[in-house]
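# A structural walkthrough
Here are the chains, one letter per residue:
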Number of protein chains: 4
Amino acid sequence: MLTGKKIAVIGGDARQIEVIDRLIQRDATLFLVGFEKLQRQFIGAKHVTMEEILGEDLHAVLLPVSGMQENGEVETTFSSKPAVVTQEWLNRTPKDCSIYTGISNKTLDEMAKKAECSLIKLLERDDVAIYNAIPTAEGTLLLVIQDTDITVHGSETIILGLGRVGMTVARTFSALGAYVKVGTDNSAERARAEEMKMKAFPLKELPEKVQSADICINTIPAPVLTGHVLAHMAPRCIIVDLASKPGGTDFTYAKKRGIRAKLAPGLPGLVAPKTAGRILADVAVRLLEEQ
Amino acid sequence: MLTGKKIAVIGGDARQIEVIDRLIQRDATLFLVGFEKLQRQFIGAKHVTMEEILGEDLHAVLLPVSGMQENGEVETTFSSKPAVVTQEWLNRTPKDCSIYTGISNKTLDEMAKKAECSLIKLLERDDVAIYNAIPTAEGTLLLVIQDTDITVHGSETIILGLGRVGMTVARTFSALGAYVKVGTDNSAERARAEEMKMKAFPLKELPEKVQSADICINTIPAPVLTGHVLAHMAPRCIIVDLASKPGGTDFTYAKKRGIRAKLAPGLPGLVAPKTAGRILADVAVRLLEEQ
Amino acid sequence: MLTGKKIAVIGGDARQIEVIDRLIQRDATLFLVGFEKLQRQFIGAKHVTMEEILGEDLHAVLLPVSGMQENGEVETTFSSKPAVVTQEWLNRTPKDCSIYTGISNKTLDEMAKKAECSLIKLLERDDVAIYNAIPTAEGTLLLVIQDTDITVHGSETIILGLGRVGMTVARTFSALGAYVKVGTDNSAERARAEEMKMKAFPLKELPEKVQSADICINTIPAPVLTGHVLAHMAPRCIIVDLASKPGGTDFTYAKKRGIRAKLAPGLPGLVAPKTAGRILADVAVRLLEEQ
Amino acid sequence: MLTGKKIAVIGGDARQIEVIDRLIQRDATLFLVGFEKLQRQFIGAKHVTMEEILGEDLHAVLLPVSGMQENGEVETTFSSKPAVVTQEWLNRTPKDCSIYTGISNKTLDEMAKKAECSLIKLLERDDVAIYNAIPTAEGTLLLVIQDTDITVHGSETIILGLGRVGMTVARTFSALGAYVKVGTDNSAERARAEEMKMKAFPLKELPEKVQSADICINTIPAPVLTGHVLAHMAPRCIIVDLASKPGGTDFTYAKKRGIRAKLAPGLPGLVAPKTAGRILADVAVRLLEEQ
Ligand SMILES: NC(=O)c1ccc[n+]([C@@H]2O[C@H](COP(=O)([O-])OP(=O)(O)OC[C@H]3O[C@@H](n4cnc5c(N)ncnc54)[C@H](OP(=O)(O)O)[C@@H]3O)[C@@H](O)[C@H]2O)c1
Ligand SMILES: NC(=O)c1ccc[n+]([C@@H]2O[C@H](COP(=O)([O-])OP(=O)(O)OC[C@H]3O[C@@H](n4cnc5c(N)ncnc54)[C@H](OP(=O)(O)O)[C@@H]3O)[C@@H](O)[C@H]2O)c1
Ligand SMILES: NC(=O)c1ccc[n+]([C@@H]2O[C@H](COP(=O)([O-])OP(=O)(O)OC[C@H]3O[C@@H](n4cnc5c(N)ncnc54)[C@H](OP(=O)(O)O)[C@@H]3O)[C@@H](O)[C@H]2O)c1
Ligand SMILES: NC(=O)c1ccc[n+]([C@@H]2O[C@H](COP(=O)([O-])OP(=O)(O)OC[C@H]3O[C@@H](n4cnc5c(N)ncnc54)[C@H](OP(=O)(O)O)[C@@H]3O)[C@@H](O)[C@H]2O)c1
């Protein structure tokens, strides 16, 4: 339980509502900045300004999934004005107050360091990445079912990378009946793919393997679906590139060859915002309770 | 192989193209009615009129998935004019010529009988219904992922009926991580559900079971999601009704209660026309070869 | 609940103990014949002789899984003497008293008919057969793992028949990573196998298919693994024949060719007697409550 | 291919035969020490003594899975006398000759270092450990099916650790229908377990979780099933401890409490020696070809 713990929630979108609900369930005392447009009442939570919180003995400060911009501004979906976090403000939080954010950048890293606050980057955690792989895989499925005139069942599907996301995507497509081939240079990942009744191959064999593929899903954040590889791909094959921008596909070349290729970032928030919020809420609450 | 067999393909949509391709592969001699707008050339196939075919020693006549209208008209997606099948025309086909159609109606049944042609209704066959369950399940998944803000994984999903379609839908949702509860009055279907690690319950328990459901998928062609049942359902639950028109849901009452409910007929042709066509092609060719 | 219902349990093995326990849980009043050697006390149950029960207003009579011999004797694992059911005894049970047995024979069928008692043959029921398929599949797995020097994972496994048992065996081996090919002449079963990501073939192709098989499991109660078929099988392949005696394998020919083949009847009782008992208990109790 | 490569295979059991066969397939030139009792002829392989090989330009030396004893002796299942590897012998192998072994010890480590040979410990490789998890899981299944009177299906099964072996064991038992709960202190492993539709818990909750378990499988090489934990376990529960000797179970205490607990080392070689050999053969050949 978080009884008596004071927590500031500064900005965020629908996902942060799930976090707020979970914190209230655990009996935390909340200060909300940037949620005044919400119609809902939150019992045990107060709408405040940045300045009003400062007198409080804060246990933690929660920033949105998207973190903070270089200028200190924080995204506030449910407010007409942005919230701004300054170095000075942070310096005045208590010693053991920690900052939770989805992702971070150099500015936030440095501000936290100077203020001697520990900074928890939720999206970088292995457990969060694995839980998020679930809505990512379902979003991928959605795109593939929409964009093909065949079923996933019986299709030849290549998955590139068998890390935290690749593992879930591969298991999902295989469970639906696709013949999955996993491309990765990591021999342990190839062994795991084979243990899971999939085929596996090293990336140097990619040009040959794409020839008969119907669907190709990339999770490797490096240029793997290069022009050279795409030259071997059948035009009927569709590409869903999940890797962080700019993805691993030569999109210009794909377009030239008439291959449908899509960069699909941020699927969890798009496809299942409620689940995506709960994932963050569960992990954040657990960490706050252990803190 | 179908070498030397003469087959008339009369009308149809994209799915029939798959059938034509497969028949050509098996070396059949084809007469096509209602495909003249197609840009593609078919080797071994001739575009003809109904009358032109009559002189031929036909092995079989293939009608579209949708069969024939009461007035003898046949749907022709790739032609500007409909094709018409008359009793007189049928009477003049050879003795052992058989008619393949997706579905039939009283008129077609009677015309075939009078003409002493055997009539094969592909969509009524168990094997075709089971193969078609695959694109149906994928289409259902598409609708559910689109219409919810949670993941299928971890959701509580009720499937009503564990027949040819229900079995596939239940396995698909379970494989994706949903907690599936199968409602059916058939005790063997309940046993099968439990063997597949799902929960099962008789339909009289439906009012109680829907209370905690996130997703409800119906395959029973009878009024099961009645007003009485819907009164117990949480408004967050979504309904996808797959049963043939008018479905098994009281849609008016659902709307009143703010429950999102969708009747979703004809998913295979919408979601995966190419696969749907291949399913028909595979079974039709096998039957033609055995004929 | 079975409060106030009087039930006679006549003979049986460890499985019947599960039935007794479940009946006591449901508050039935029990009369036990043939269990006096058991060390356990059963609350609400009385050890009696056949004659002593006759005065009672019996709701049902439960015979063992093995039913009754031609001479009226009933197997009693937990007694030093057999129990005997006579026509005269049966005639004196109340009108609506029903008889539950695992399997039956002509004698029992006729005796029940004459006594105007309804006779429920539990093992013939679809639901019981499907639940029993679970321990049957696990027993088959045990035999196969014991008798091979390779893993089931990656093996080529042929399953003959995709009925109640074949379905579970096929799913089990496939889930463990075997490449399963289902042989059956039923086109709906072939479609279901393919829907479940297995291969399927008609039995006429069996001679060709066995050539590369590592494991072959038969569930068809008919001579399918004939000398002609076995002549094509590699000697490394092992056969587990689950079909009721005499099985579907030419065991003499198999031995001659050095192929290891095993007839494996009654696996549920051998491999998981407790589960096997619970299956009967669950279904019997449900039927008794509905009676 | 390994054409022209000279390789010495010194000792080993049935698994090494698979390695030899694979090497011959890849056209290597082999020198075998310790295989003279084998009835089989190997084309392209010569039976020799340690001394006879020394003149050869060896590409690699293959030791058995069990490696080498402190005194240099190497296990030779197919010979009447052991083979002995000395420092002097090793020193005289060519510069780029590498040594392959299953496991190593301090003596072998040092001898290889002094001789400036690279030493490849196959069983320590992630890929080999993952492939070996397959026969390990099947062996575990065998033990569990043999030792319980219930089915794995429907059982409550605890798996401790979700590493290379735990992952496969957990997936196997879950696929068979067990309700799997994974105990691990690694939050990423807990996330993966939940993604795979299992339950997960930290080890501090073990005393509470074991109370309702039917089956408990340990893969953690540390004392986890302590007396304190076992005190909460139901006596019906069985324990299979896969962790390397001495396992993670207080076996003395388990015995006192009447809990059946088994330390089960070396399952791959026992349960599926052929597959276990092929795993080593595949990886060794790949590495030799890349060398
Ligand atoms: N689109 C979305 O909605 C969404 C959602 C979540 C994540 N993502 C993105 O998806 C990507 C994968 O995330 P993840 O959590 O699965 O990462 P991860 O666990 O680190 O896995 C990455 C995979 O790529 C391989 N890889 C990395 N760099 C490589 C290189 N230079 N060459 C070859 N292989 C390489 C890794 O192999 P090794 O293990 O051997 O390095 C591993 O197989 C990231 O870019 C992430 O931002 C997107
Ligand atoms: N939306 C689409 O794209 C699509 C695609 C394919 C099929 N369909 C439709 O889906 C429905 C199911 O098709 P199917 O092939 O699965 O049929 P099916 O194999 O006959 O299965 C029907 C299921 O409904 C149960 N049922 C039937 N009548 C019932 C009643 N009056 N009361 C209670 N249960 C009843 C059956 O139980 P018993 O076995 O005990 O009768 C069985 O569980 C049909 O209406 C079909 O036209 C729709
Ligand atoms: N060993 C054990 O411990 C154990 C346990 C349970 C059951 N069994 C035995 O296993 C066998 C199968 O039981 P089940 O419940 O699965 O039966 P089932 O549901 O009737 O299935 C039988 C299968 O065999 C096929 N078949 C039957 N007769 C055939 C024939 N003459 N030619 C070709 N195919 C034929 C059926 O195809 P169709 O559907 O097209 O007829 C179906 O695929 C039975 O003999 C049963 O006694 C053994
Ligand atoms: N019986 C057999 O036939 C057989 C076959 C193969 C392997 N094995 C043995 O099985 C064991 C597991 O092998 P593996 O390849 O799966 O190893 P692994 O990949 O390293 O996994 C070990 C698991 O144990 C956890 N763990 C390790 N030390 C721990 C500690 N002190 N406290 C809590 N958790 C701890 C690990 O968690 P972290 O990842 O967080 O450390 C991980 O979950 C080894 O002892 C191996 O020798 C036996």
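The rules behind each value
- Residues numbered from 1 in each chain as written.
- Chains lettered and ligands numbered in written order.
- Predicted model: local features only at pLDDT ≥ 70, side-chain atom pairs only at ≥ 80, totals over all residues.
- Heavy atoms only, no water.
- Pairing = 2+ DSSP bridges.
- Helix = DSSP H or I, 4+ residues; strand = E, 2+ residues; numbered from the N terminus.
- Axes fitted to C-alpha atoms, helices over the stretch in contact; angles between N-to-C directions.
- Contact = heavy atoms within 4.5 Å.
- Least-squares fit on C-alpha atoms with pLDDT ≥ 70 in both.
- Right-handed = clockwise from strand over helix to strand, strands pointing away.
- Buried area = accessible area lost by both parts, 1.4 Å probe.
- Salt bridge = Lys/Arg side-chain N within 4 Å of Asp/Glu carboxyl O.
- Polar contact = N/O pair within 3.5 Å; in protein donor to acceptor, adjacent residues only side chain to side chain.

### Looking at the sheet that holds strand β2 (residues 29-33) of chain A
Residues and elements named next belong to chain A. Taken together, six strands build an open sheet; the order of strands is β3-β2-β1-β4-β7-β8 and the sheet is parallel. Of all the strands in the sheet, the pair left with one neighbour each is β3 (45-47) and β8 (119-121). Strand after strand, the sheet turns through a mean of 20° between neighbouring axes, direction not considered. Where strand β4 (residues 60-62) meets strand β7 (residues 98-101), three bridges bridge the pair, whose relative direction is parallel. Looking at β7, one finds that Ala 60 is bridged to Ser 98. Along the sheet, helix α4 (residues 106-114) contacts β7 and β8; its crossing angle with β8, the most-contacted strand, is approximately 150°. The strands touched by helix α12 (residues 273-290) within the sheet are β1 (6-10), β4, β7 and β8, with β7 carrying the most contacts at an inclination of about 170°.

### Structural notes on the sheet that holds strand β3 (residues 45-47) of chain D
Residues and elements named next belong to chain D. Sheet architecture is open: six strands sit in the order β3-β2-β1-β4-β7-β8, paired in parallel fashion. Of all strands in the sheet, those with a lone pairing partner are β3 and β8 (119-121), marking the two edges. Recorded for the sheet is a direction-independent mean angle of 20° between the axes of neighbouring strands. Across three bridges, the pairing between strand β2 (residues 29-33) and β3 is parallel. Bridge pairing in β3 links Phe 31 to Lys 46. Packed onto the sheet, helix α4 (residues 106-114) meets β7 (98-101) and β8 and runs at close to 150° relative to β8.

### With respect to the relation of the copies chain A and chain B
In screw terms, the move from chain A to chain B is a rotation of 180° and a rise of 0.0 Å along the axis, fitting with an RMSD of 0.0 Å. On the angle and the small slide along the axis, the relation comes out as a two-fold axis. Residue by residue, 100% of the interface of chain A is reproduced at the interface of chain B, so both copies engage with the same surface.

### Considering the pairing of strand β14 (residues 260-263) of chain D
Working note: regular strand, side chains alternate between the two faces of the sheet. Residue and element names in this part refer to chain D. The sheet contact formed by strand β13 (residues 238-241) and β14 spans four bridges and is parallel. Each bridged residue has a counterpart across the sheet, and for Ile 239 the counterpart in β14 is Ala 261. Chirality of the crossover, the property in question, places the unit of β13, helix α10 (residues 251-257) and β14 among those that are right-handed.

### So, the interface of chain C and chain D
Contact residues are listed per partner, giving 22 residues for chain C and 22 residues for chain D. For the pair chain C and chain D, the summed buried area comes to about 1900 Å², and 68% of that belongs to carbon and sulfur atoms. Looking at the side of chain C facing chain D, the largest losses of area belong to Glu 138, Ile 145 and Thr 151 of chain C, adding up to 29% of the total buried there. Inspection of the region where chain C meets chain D yields zero salt bridges. Counting every contact that joins chain C to chain D gives 10 residue pairs in polar contact (both at pLDDT 80 or more). Among the elements of the structure, α5 (126-147), α6 (164-175) and α12 (273-290) of chain C are those that each provide at least two residues to the side of chain C that touches chain D. At seven residues, the largest contribution of residues to the side of chain C that touches chain D is made by α5 of chain C.

### A closer look at the relation of the copies chain C and chain D
If you rotate chain C by 180° and push it 0.0 Å along the axis, it lands on chain D with an RMSD of 0.0 Å. A share of 100% of the interface residues of chain C reappears at the interface of chain D, consistent with the copies meeting face to face through the same patch.

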